[in-house]
Amino acid sequence: MLSGLLPAVAADFHVSVGTAGTLTSAFAAGIVVGAPLMAALARNWPPRLSLLLGTALG
């Protein structure tokens, strides 16, 4: 989804499309690291708490 917005993101931040493309890679790396980490941390939490915190932080 983000790759379709790269020209607009690049224009808004006044950087090249290639530089803005780094944002896509950083987002993907954050998801790859963050999702399993959050799942491991939240596995013993009540489901409602997990949902509320995930919504609030997301």
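Colleague: What is the right way to read the packing of helix α1 (residues 6–13) against helix α2 (residues 17–42) from this model?
Modeller: How two helices pack is summed up by the angle between their axes together with the distance between the axes. Relative orientation of the contacting elements α1 and α2 amounts to 110°, with a least axis distance of 8 Å. The pairing of α1 with α2 is recorded here as roughly perpendicular in orientation. α1 and α2 meet at a crossing whose hand is right-handed. Contacts between α1 and α2 involve L6, P7, V9 and A10 from the former and V17, A20, G21, L23 and T24 from the latter. Of the residues that constitute the contact of α1 with α2, the class distribution is seven nonpolar, two polar and no charged.

Colleague: How do you make sense of the environment of L37 when you look at a structure like this?
Modeller: Along the chain, the position of L37 falls in helix α2. Residues L37 and P47, 10 residues apart in the sequence, show an inter-C-alpha distance of 16 Å.

Criteria and thresholds
Residues numbered from 1 in each chain as written. Predicted model: local features only at pLDDT ≥ 70, side-chain atom pairs only at ≥ 80, totals over all residues. Heavy atoms only, no water. Axes fitted to C-alpha atoms, helices over the stretch in contact; angles between N-to-C directions. Helix = DSSP H or I, 4+ residues; strand = E, 2+ residues; numbered from the N terminus. Parallel < 35°, antiparallel > 145°, perpendicular 65-115°, else oblique. Left-handed = near helix turned anticlockwise from the far one by under 90°. Contact = heavy atoms within 4.5 Å. Nonpolar A, V, L, I, M, F, W, Y, C, P; charged D, E, K, R; others polar.

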